[in-house]
Amino acid sequence: MSLAPARTIFLPVQTAPRRDPGLLVTFEGGEGSGKSTQIERLADFLLDEGHEVVTAREPGTTQVGEAVRELLLRTAREDLSPESELALFLAARAELVAEVVRPGLEAGKVVLLDRYGDSSVAYQGYGRGLDPDRVKALNAYFTRGLTPDLTVLIDVPVEASAERSRQRPADRIERAGRSFHDRVRSGYREMALNEPERFVVLDGTDPIDTVQAAIRDAVLEALAERIPTSRTET
Ligand code: TYD
């Protein structure tokens, strides 16, 4: 009996261009990079400009997402397998996309996400040692190919983020150790270099206002590009 040669058929995903009128902006970075403060300020600014805005965090926001968050960050054992960790983050992501992100985009809103698929590539891929390309393929499968229009990477040296994180008790992933967080940081930087049209990389050690101004510029540019195109498409 001869066996067929092994082939990798890896979760093909339909990646038709989006036709909704919304804008999806994701925020990424290491621990304590100041993402949440920047997202809050950006949301206020966009609301003042007359946009409808939805914000959410990963893992979290949905019922399943918040349960996964509690499990992964607090209850799970320190040595949970990387595959299980990834599976749980993916489940939380699929729920968020279905319940919050797609409906928001379809209603023409600006959706701001505190972490998305790139977090899994950086943390479970580069950090925990799973194959980054497989993690990307799984992200595509679990989100049905939903990619951000713009990703803001707030880059901070691992020492600076460790310092900021000391201001609150560390969770299971924050405790993962220096070399883990070094791999996460360099993984993010590599991803940004590979997709320069999607990523904007900002220096998180700059003053909050400086970082916010750069984020606003990038988002306004993305809005100017996105809205007229999607209106003519629909
Ligand atoms: P959180 O308290 O939200 O951290 P931060 O303020 O730094 O965003 O905790 C989220 C943690 O989960 C953070 O350590 C990154 C990690 N994470 C992953 O490892 N993989 C993922 O796919 C996501 C979304 C988060």
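See above for the structure.
The residue count restarts for each chain, going from 1 along the sequence in the order it is written. Per-residue local features of the predicted model are confined to residues with pLDDT of at least 70, and side-chain atom pairs are confined, for both listing and counting, to 80 or more; whole-chain, interface and lining totals are unaffected and use all residues. Side-chain calculation: all heavy atoms of the structure are included, whereas hydrogens and water are not.

S.K.: So, the environment of Ile39: which residues are in play, and what are the values?
M.R.: Secondary-structure assignment places Ile39 in helix 1 (residues 35-48). In what follows, a contact means two residues having at least one pair of non-hydrogen atoms within 4.5 Å. Apart from the residues within four sequence positions on either side, Ile39 is in contact with Phe27, Thr55, Leu112, Leu113 and Asp114. Only DSSP runs of H or I covering at least 4 residues are called helices, and only runs of E covering at least 2 are called strands; the numbering of each starts at the N terminus.

S.K.: A description of the sheet that holds strand 2 (residues 53-57) should follow, citing residues and the corresponding values.
M.R.: A pair of strands is labelled paired if DSSP reports no fewer than 2 bridges between them. With parallel pairing, the five strands of this open sheet are ordered in space as 2-3-1-4-5. Every other strand in the sheet has two partners, leaving strand 2 and strand 5 (199-203) as the edge strands with one partner each. The average angle at which neighbouring strand axes cross in this sheet is 20 degrees, direction not considered. The sheet contact formed by strand 1 (residues 23-29) and strand 4 (residues 150-155) spans five bridges and is parallel. Note that in strand 4 the partner of Phe27 across the bridge is Val152. Lines fitted to C-alpha atoms define the axes, with helix axes restricted to the stretch in contact, and inter-axis angles between N-to-C directions lie between 0 and 180 degrees. In the packing of helix 1 onto the sheet, contacts are made with strand 1, strand 2, strand 3 (110-114) and strand 4, and the angle to strand 3 comes to roughly 170 degrees.

S.K.: Which residues make up a negative patch on the surface, and what are the values?
M.R.: Two joining distances apply to patches: 9 Å for like charges and 5 Å for nonpolar side chains (Val, Leu, Ile, Met, Phe, Trp, Tyr), and every residue must have over 30% relative accessible area and no salt bridge. Reported accessibility uses the Shrake-Rupley method at a 1.4 Å probe radius. Residues are deemed covered only where the shown protein chains occlude them. When a carboxyl oxygen of Asp or Glu is within 4 Å of a side-chain nitrogen of Lys or Arg, the pair counts as a salt bridge. Note on charges: Lys and Arg go in the positive column, Asp and Glu in the negative column, and His and the chain ends are not counted at all. In plain terms, the charge of a residue is placed at NZ if it is Lys, CZ if Arg, CG if Asp and CD if Glu. Residues Glu40, Asp44, Asp48 and Glu49 make up a contiguous surface patch of negative charge. Its location among the elements puts Asp44 in helix 1. Exposure remark for Asp44: the relative accessible area of 48% places this residue in the partly exposed category. To sort residues, take the accessible area from a 1.4 Å probe on protein chains only and compare it with the maximum for the residue type: under 20% means buried, over 50% means exposed, and anything in between is partly exposed.

S.K.: Give a detailed account of the site of the ligand, specifying residues and quantitative values.
M.R.: Proximity is defined per residue: any heavy atom of the residue falling within 4 Å of a molecule or strand makes that residue near it. In the region of the ligand, 14 residues are neighbours, and Glu31, Lys35, Arg115, Ser120 and Gln124 sit closest. Note that an oxygen atom of the ligand is positioned 2.9 Å from one of the side-chain N or O atoms of Glu31. Any pair of nitrogen or oxygen atoms within 3.5 Å is treated as a polar contact; in protein, a donor-acceptor pairing is required on top of that, and neighbouring residues in sequence qualify only through side-chain atoms on both sides. With respect to the ligand, the side chain of Lys35 contributes an N or O atom lying 2.7 Å from an oxygen atom. Across the complex, the protein chains shield 93% of the 540 Å² of accessible surface that the ligand would expose by itself. Listed by contribution, the elements that provide at least two residues to the shell around the ligand are helix 2 (63-75), helix 3 (82-106) and helix 4 (117-127). Per element, the largest residue contribution to the shell around the ligand is four residues, and it comes from helix 4. The residue classification treats Ala, Val, Leu, Ile, Met, Phe, Trp, Tyr, Cys and Pro as nonpolar and Asp, Glu, Lys and Arg as charged. All others, Gly included, are polar. Partitioning the shell around the ligand into residue classes produces four nonpolar, three polar and seven charged.

S.K.: Give me the lowdown on the pattern of salt bridges, citing residues and values where you can.
M.R.: By the definition in use, this model includes 20 salt bridges. The partner of Asp149 in a salt bridge is Arg18, and the shortest N-O contact between them spans 3.1 Å. Pair noted here: Asp149 is in the loop between helix 5 (132-142) and strand 4 and Arg18 is in the segment before strand 1, with a separation of 131 residues, a long-range link. A salt bridge links Glu159 to Arg178; the nearest nitrogen and oxygen atoms lie 3.0 Å apart.

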